[in-house]
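Secondary and tertiary structure notes
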Amino acid sequence: MTHFGTIESYDNGKGSGTIAPEQGGDVLPFGKDDLQQQAGEPRQGQRWGYETRQVDGGTVSATNLRQQEQEQVRQQGEKIAGRQQAH
């Protein structure tokens with residue numbers, strides 16, 4: 001089941017971060033290995049989809065994270081607008 005949340009933090013050096021579920025509940029940890037291969041680096045405030053899994057005796061974490069398409073489209077639009085302004 002896919003859940004949605006907002007990235008609270010991500011440390012590229014450590015390869016770990018946290019995501020806050022939109023439906024409420026505890027902030028969930030995730031690791032770099034939990035990101036889908038095509039996903040970019042998560043940034044605070046971005047909306048991502050994810051699944052959950054239980055690890056370490058019942059601790060829940062986020063897995064299979066993927067950036068939401070609307071966010072990807074918005075970022076592409078910003079890049080295009082930036083290139084047009086540079087000319």
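Preceding block: the structure.
One structure accompanies this document, and this report is about it.

What counts and how
Residues numbered from 1 in each chain as written. Predicted model: local features only at pLDDT ≥ 70, side-chain atom pairs only at ≥ 80, totals over all residues. Heavy atoms only, no water. Helix = DSSP H or I, 4+ residues; strand = E, 2+ residues; numbered from the N terminus. Contact = heavy atoms within 4.5 Å. Core = buried A, V, L, I, M, F, W, Y, C linked by side-chain atoms within 4.5 Å. Buried < 20%, exposed > 50% of the residue type's maximum accessible area, 1.4 Å probe, protein only. Pairing = 2+ DSSP bridges. Phe/Tyr/Trp six-rings, centres within 6.5 Å; stacked < 30°, edge-to-face > 60°. Lys NZ or Arg CZ within 6 Å of the ring centre and 35° of its normal. Axes fitted to C-alpha atoms, helices over the stretch in contact; angles between N-to-C directions.

1. Comments concerning the environment of Thr 6
- Turning to its location among the elements, Thr 6 is positioned in strand β1 (residues 3-11).
- Considered as a pair, Thr 6 and Gly 49 are 43 residues apart in the sequence and their alpha carbons are 8.8 Å apart.
- Apart from residues lying up to four places away in sequence, Thr 6 is in contact with Thr 18, Ile 19, Ala 20, Gly 45 and Gln 46.

2. Side note on the nonpolar core
- Ile 7, Tyr 10, Ile 19, Leu 28, Phe 30, Leu 35, Trp 48, Tyr 50, Ala 62 and Leu 65 together form the largest nonpolar core, which totals 10 residues.
- Going through the elements one at a time, β1, β3 (28-31), β4 (47-55) and β5 (59-67) are the ones with two or more residues in this core.
- When sequence neighbours within four positions are dropped, the list of residues in contact with Ala 62 reads Ile 19, Leu 28, Pro 29, Phe 30, Asp 34, Tyr 50 and Glu 51.

3. A closer look at the pairing of strand β2 (residues 16-21)
- Examined bridge by bridge, β1 and β2 share six bridges and lie antiparallel to one another. Residue pairing in the sheet places Gly 5 in a bridge with Pro 21 of β2.
- The antiparallel pairing of β1 with β2 creates a hairpin that spans four residues between the two strands, and Gly 15 there sits at a positive phi of about 70°.
- Relative to β3, β2 is paired through four bridges, and the arrangement is antiparallel. Directly across from Ile 19, in β3, lies its bridge partner Leu 28.

4. Focus on the packing of aromatic side chains
- Inspection of every chain in the model, using the stated rule, returns one aromatic pair.
- Geometrically, the ring pair formed by Tyr 10 and Phe 30 is stacked, given 5.8 Å between the ring centres and 5° between the ring planes. Residue Tyr 10 is found in strand β1, and its partner Phe 30 is found in strand β3; the two are separated by 20 residues along the sequence. We note that Tyr 10, like Phe 30, is buried.
- Arg 47 extends its terminal NZ or CZ atom over the ring of Phe 4, reaching a point 4.3 Å from the ring centre.

5. Overview of the sheet that holds β4
- The strand order across the open sheet formed by five strands is β3-β2-β1-β4-β5, and the pairing between neighbours is antiparallel. Taken across any chain shown, the strands that pair with only one partner, and hence form the sheet edges, are β3 and β5. Within the sheet, the average angular offset between the axes of one strand and its neighbour, ignoring direction, is 45°.

6. Side note on the side chain of Ser 61
- Following the sequence through the fold, Ser 61 ends up in strand β5.
- Under the relative-accessibility criterion, Ser 61 is labelled buried at 6%.
- Sequence-distant contacts of Ser 61, that is, excluding residues within four places in its chain, are made with Leu 28, Pro 29, Glu 51, Thr 52, Arg 53 and Val 55.

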